[in-house]
Amino acid sequence: MQCPLLYRFRVIDRLPEKPSEAATRGTLVHAVLERLFDAPAAERTAPRAKALVPGQWDRLRDSRPEVGELFADDPEGERLARWLSEAERLVERWFTLEDPSRLEPAERELFVEAELDSGLRLRGIIDRVDVAPTGEVRIVDYKTGKAPRPQYAESALFQMKFYALVVWRLKKVVPRRLQLVYLGSGDVLTYDPVLADLERVERKLLALWEAIRLATETGDWRPRPTKLCGWCDHQAHCPEFGGTPPPYPLPVRAADPAGAEQGRMGPD
Ligand code: SF4
């Protein structure tokens with residue numbers, strides 16, 4: 001949805017990407033919020049959560065040594081100390097938005113997978129699932145960035161509706177509430193979906209998958225420049241920035257309509 005060429009670089013070419021400070025901090029904060037629920041309710045306090053940060057950072061570095069490279073040029077550890085205290089600030093802000101001593105998540109970091117009638121398989125990891133005594137389901141996602149401006153809220157909610165669709169397909173229950181918790185700005189965005197929302201998302205996903213399937217066959221992946229290009233690791237391969245994509249690694253369908261009709265496949 002963001003940029004077809006970026007999808008190709010990531011999913012088809014599998015070009016490596018450097019870990020970023022912001023994304024790694026997001027992973028760290030998610031780990032802390034998840035682990036805090038291991039403690040009894042009364043002990044889920046902000047100081048305890050902040051105290052989890054160094055240990056979770058060590059675990060993250062052990063499991064993904066490449067993130068340690070982020071601070072390879074910081075021998076005094078000053079930048080790392082600032083980065084860790086920003087993670088603590090985000091964790092602390094969570095307590096102004098939710099009260100974990102009053103929450104008992106049904107699931108944390110829940111891997112979900114469902115198949116649509118078309119055979120398209122959807123997968124995701126949901127940060128938190130709360131289930132009320134009445135059986136109503138709330139899906140919660142933490143964001144370490146800032147809440148989007150209202151005109152962009154719809155695209156932020158797309159991911160949540162995607163999860164809701166998967167849960168509906170799996171459990172035949174439409175989640176009662178979708179909740180995005182923005183730790184960067186201290187905002188909570190909620191949406192109560194209805195079945196028609198999920199059906200719309202399903203149609204959109206099918207159309208998206210059809211576009212992906214077609215581009216995979218033809219090798220025609222277009223760049224779609226936006227301000228997000230500033231965070232893209234692949235400018236050196238992107239024609240929008242004077243780069244050249246690597247040779248396409250898959251066989252491509254001949255571009256002429258006759259060949260396409262015959263479903264002919266062959267080298268470019
Ligand atoms: S630089 Fe921009 S247009 Fe080019 S691949 Fe990355 S996101 Fe797409």
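Residues numbered from 1 in each chain as written. Predicted model: local features only at pLDDT ≥ 70, side-chain atom pairs only at ≥ 80, totals over all residues. Heavy atoms only, no water.

1. Description of the packing of helix H5 (residues 153–171) against helix H6 (residues 195–218)
So, step 1. The geometry of H5 relative to H6 is characterised by a closest axis approach of 9 Å and an angle of 105° between their N-to-C directions. The angle between the axes of H5 and H6 places the two elements in the roughly perpendicular class. Taken together, the residues of H6 that come into contact with H5 (itself represented by Phe158, Lys161, Phe162, Ala164, Leu165, Trp168 and Arg169) are Leu195, Asp197, Leu198, Glu199, Val201, Glu202, Lys204 and Leu205.
So, step 2. The class makeup of the residues in the contact of H5 with H6 is nine nonpolar, no polar and six charged. (Axes fitted to C-alpha atoms, helices over the stretch in contact; angles between N-to-C directions. Helix = DSSP H or I, 4+ residues; strand = E, 2+ residues; numbered from the N terminus. Parallel < 35°, antiparallel > 145°, perpendicular 65-115°, else oblique. Contact = heavy atoms within 4.5 Å. Nonpolar A, V, L, I, M, F, W, Y, C, P; charged D, E, K, R; others polar.)

2. Digging into the pairing of strand E2 (residues 121–131)
So, step 1. Of the strand pairs in this sheet, strand E1 (residues 107–115) and E2 are connected by eight bridges, and their pairing is antiparallel. Bridge pairing in E2 links Arg108 to Arg128.
So, step 2. Connecting E1 to the next strand, E2, in antiparallel fashion are five residues, including Gly119 with a positive phi near 100°.
So, step 3. Hairpin connection, E2 to strand E3 (residues 137–143): the antiparallel pair is bridged by five residues, and Gly135 has positive phi, about 95°. (Pairing = 2+ DSSP bridges.)

3. Brief notes about empty space enclosed by the protein
So, step 1. Enumeration over the complete set of coordinates arrives at two cavities of 30 Å³ or more.
So, step 2. A volume near 140 Å³ is recorded for the largest cavity.
So, step 3. Around the largest cavity, the lining is made up of 17 residues, and of these Cys3, Leu6, Cys229, Cys232 and Cys238 lie nearest the centre.
So, step 4. Grouping the amino acids of the lining of the largest cavity by side-chain chemistry returns eleven nonpolar, four polar and two charged.
So, step 5. Composition of the lining of the largest cavity by domain shows at least three residues from each of domain 1 (4–99) and domain 3 (203–263).
So, step 6. As a volume, the second largest cavity reaches approximately 40 Å³.
So, step 7. Taken together, the elements giving at least two residues each to the lining of the second largest cavity come down to helix H2 (21–36), E1 and E2.
So, step 8. Considering every element that reaches the lining of the second largest cavity, the biggest residue donor is H2, with three residues. (1 Å grid on protein atoms, 1.4 Å probe; cavity = no way out; pocket = protein on both sides within 12 Å on 5 of 7 lines; lining within 4 Å. Points joined across faces, edges and corners; volume = space filled by probe spheres on them. Domains from an automatic or database assignment.)

4. Looking at the site of the ligand
So, step 1. Every residue close to the ligand is listed here: Cys3, Leu6, Pro223, Arg224, Pro225, Cys229, Cys232, Gln235, Cys238 and Phe241.
So, step 2. With respect to the detected pockets, the ligand is housed in the largest cavity.
So, step 3. Taken together, the residues of the shell around the ligand sort by class into eight nonpolar, one polar and one charged. (Near = heavy atom within 4 Å. Sits in = over half its atoms within 2 Å of the grid points.)

5. Topic: the domain arrangement of the protein
So, step 1. For the protein, the domain assignment lists domain 1 (4–99), domain 2 (107–152 + 159–193) and domain 3 (203–263).
So, step 2. Both faces combined, the contact of domain 1 with domain 3 buries some 1,400 Å², and carbon together with sulfur accounts for 73% of it.
So, step 3. The tally of links from domain 1 across to domain 3 stands at one salt bridge.
So, step 4. One salt bridge connects Lys18 with Asp233, and the closest N-O pair in it is separated by 4.0 Å.
So, step 5. For the interface between domain 1 and domain 3, the tally reads four residue pairs in polar contact (both at pLDDT 80 or more).
So, step 6. For the side of domain 1 that touches domain 3, the class distribution of residues is eight nonpolar, no polar and four charged. (Buried area = accessible area lost by both parts, 1.4 Å probe. Salt bridge = Lys/Arg side-chain N within 4 Å of Asp/Glu carboxyl O. Polar contact = N/O pair within 3.5 Å; in protein donor to acceptor, adjacent residues only side chain to side chain.)

6. Focus: the layout of surface pockets
So, step 1. Considering only enclosed or pocket space, the second largest pocket measures out at about 190 Å³ in volume.
So, step 2. Around the second largest pocket sit Arg102, Leu103, Glu104, Pro105, Asp130, Val131, Ala132, Glu136, Val137, Arg138, Arg176 and Arg177, which together line it.
So, step 3. Residues of the lining of the second largest pocket, tallied by class, amount to five nonpolar, no polar and seven charged.

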